[in-house]
Structures are given as structure tokens and as C-alpha cells.
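# Structural description and commentary
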Amino acid sequence: MEPVSSLQSICYKRGSLQLLDQRKLPLETIYLDIQDAADGWSAIRDMVVRGAPAIAIAAALSLAVEVFNLKAFNGTSDDAASFINKKLEYLVSSRPTAVNLSDAATKLKEVTSKAAATASEAQSIFQAYIEAAEIMLKDDVSSNKAIGSYGASFLQHQLKNSKRLSILTHCNTGSLATAGYGTALGVIRAVHTEGLLERAYCTETRPFNQGSRLTAFELVHDNIPATLIADSAAAALMKDGRVDAVIVGADRVAANGDTANKIGTYSLALCAMNHKIPFYVAAPLTSIDLSLTSGKEIVIEERSPKELTHSGGGLGEQVAASGISVWNPAFDVTPANLIAGIITEKGVITKMSSDAFDIKDFVQKVDQ
Ligand code: MRU
């Protein structure tokens, strides 16, 4: 099954799934065959596939391939539903911070238990599961395109004094981090398509270099005017007046708007506030966790020290002194008071007061 573009991180057709090994980008384009949920779990934990939406979709489809290719299943429809639920719980344990994965698991469990209520055959449960997982793949792309379009028109309106916009982004939030098009990078794509983009700036995003390896790869691929900067150069770039807006993705947004995203996002938000540059989060509603009142409750993943002590995300040569202890949180939380707006596929969430968003109210309104 051939990928339609070198930016396609998930290649799926019923019964077969390949994931682009993002650890090898941009120098090598290698697709790994994913046979089942165990392969899916390892691909997520080892960052073969990464980015909150792509993690959720790869997990769901890894199990879809497993149940499609099951030689035999001796059990009832209830057994099939619990088989799926156990595998989903296992997949959710691959990485803790991005909520999209547990959100997808909850929705897929609802589908299988609803199917189990009426179906007698285990096969009908597997069929219902596969169809629901496939819909998630499709819906993600259309949701990202909606985020892009809302974001571009909102920025055009907000920053009407700027002829063309220079936008800074962090980590990778493009086609590689989703099922296609991207969230924050989707907004940059849409602004570019509208002819309103002066330049995109992307940070290196140490230690796993999602910016220099993946975002730069996508921007060059799409001929979008772009410049790579070191993470530590962002404040100086803002001070030079070369940034009109900052747009980042999200792994988990609490009900008050506090947002967990790639480590380094909080520093960018502080710099942006200091330089009076609007700081936006672009994320699908599946990245919002209304069960959390604030960012204090978000579990932050800590990853291997080798990601800092060795190059290539920990897979390359040693670059740090032996014996040094390491703290390697993969994400941080940006408080709502530093965020100007949250761009979703249902519109832009703006603030009711300077410090917080009422996301529950927004979600209720758009769900009507
Ligand atoms: O560790 P990663 O590469 O999975 O972190 C990814 C991010 O922080 C992204 O900004 C976020 O998941 C949004 S992707 C659309």
C-alpha cells in the first residue's frame, strides 16, 4: 500500500497498517508493518509515531488490524467486547500525557459495548470496532482542515494591521503528528494558502528535535517560506519584532484552558507575553479533558535520560558527560492566562476574563 505523500505517517487499509518511522526522518523514509496492538504500543512508546492525534489513531488502527486478521475467536459477543476493552486499556498505557488516546479508547469502548448489547456474534463486534476506528482516521483530517480555516480567518481579523504574518511554532503539529494537514501547522498552511504568510519560524525542539527534523521537513516539502531556530533563540527573535503570533499544538487542555504541550512551550508563552505577542493553541476538541479543572492535574511524561545524553533522540552517539543526572520531562503546562485563544475545529475559544476560558460552555454550545 503506497503512501500518497512522504508526509503520511499512517498508511492504512482494512487488515493492514504501516507507520512511518519518524525517528528516521528526515534522512530516511521507512514504513514499519504493524500487525497488532502490541506493535502499536511499542511504536507509540518508542516514538515511531508521535503527536497526540496520530498516537490515538495509530493505536485504534493497530487493534483494528489485529481483530481483522484474527484466525479464529472462540467467544461470545461479550467476550469480543472485553477482548477489545483490555487491548484498549493496554494501548492507553503506552504514553500518559496526550488525552486523545484515552478519549479515543473511551469512545471505541462505547461503540463495542453498544454493539454487544444487540449483536450475538463476536464478528459483529469486531466489525463495529473496525468501522469506528476507520472513521477516526477520516474525521481527523477534516477536523484539522477546519482548525486551519478558523485559525487563518481569526488571525487575519485579529492582526489586520500586519500585512503578512510571521508565525512561530514549536514541536511538530503537522501531517506527521496527525492523520493529515495538522493542527498548529495546519493553521500556518492555511495562512500560507491565503497568501498571508510572511514567514514561518520553527524551533528545533530539543531533545527529540521534532521541529528541526519533522516540521522543517513538512515546511520545505510544501515550499512554505520558513526558518529554523534554536529553542534558545526564540526570545531574541521576538525582541527583534520578527514574530506576529505564536501558534502551538496541545496534548491535553484542562477545562480552564491550562494546556500541556511539548516541553519548551511554557517558555515560549512567557516570552510572548513579555513581548505582547499573541500566543495561540490549535487543537481538536479530542485534546480537551473537561474532567480536569486545571493544568495542575495533568500527568507529565518523563522520558529516557538518553534522549539528552545521546544524539538522535537517544539512538546516536554520546554527547553529554558521563555520570551526569538528567531530568527529561516531555511536556510542560502553559497556564491559561498566557494563552490568547484556543483554535478548534468548531471555532476559536476566546476568554471570558483575562485568566481563564470557559471551555465547558463552548463545548456545550457547539455540541447543540
Ligand atoms: O512527544 P511528541 O512528539 O508526541 O509531542 C507532540 C506535541 O507536543 C504536539 O505539539 C502535540 O501532540 C500536538 S500534535 C498535533
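Scroll up for the structure.
Here we summarise the structure given alongside this text. (Residues numbered from 1 in each chain as written. Predicted model: local features only at pLDDT ≥ 70, side-chain atom pairs only at ≥ 80, totals over all residues. Heavy atoms only, no water.)

Leu 19 and Tyr 129 are the most contacted members of the largest nonpolar core, which has 45 residues in total. Here this core gets 12 residues from one element, more than from any other, and that element is helix H2 (residues 52-68). Sequence-distant contacts of Tyr 129, defined by excluding residues within four places in its chain, comprise Ala 59, Ala 60, Leu 63, Ala 64, Val 67, Ile 84, Leu 88, Leu 108 and Thr 112. Of all hydrophobic cores here, the second largest spans 29 residues; its members include Ala 234, Val 246, Val 253 and Leu 285. (Core = buried A, V, L, I, M, F, W, Y, C linked by side-chain atoms within 4.5 Å. Buried < 20%, exposed > 50% of the residue type's maximum accessible area, 1.4 Å probe, protein only. Helix = DSSP H or I, 4+ residues; strand = E, 2+ residues; numbered from the N terminus. Contact = heavy atoms within 4.5 Å.)

The omega torsion of the bond from Leu 25 to Pro 26 falls at 5 degrees, within 30 degrees of zero and hence cis. Locating Pro 26 in the fold gives a position in the loop between strand E2 (16-20) and strand E3 (31-34). Cis geometry is found at the peptide bond from Arg 206 to Pro 207, where omega equals 0 degrees. Counting through the fold element by element, Pro 207 comes out in the loop between strand E5 (197-203) and helix H7 (210-221). Positive phi, close to 70 degrees, is recorded for Thr 205, a residue that is not glycine. Take Thr 205: it is sitting in the loop between E5 and H7. Classification of Thr 205 by relative accessible area gives buried; the value is 0%. In the Ramachandran plot, Asn 209 falls in the positive-phi region, its phi being about 55 degrees despite a non-glycine side chain. Assignment of secondary structure puts Asn 209 in the loop between E5 and H7. A relative accessible area of 16% means that Asn 209 is categorised as buried.

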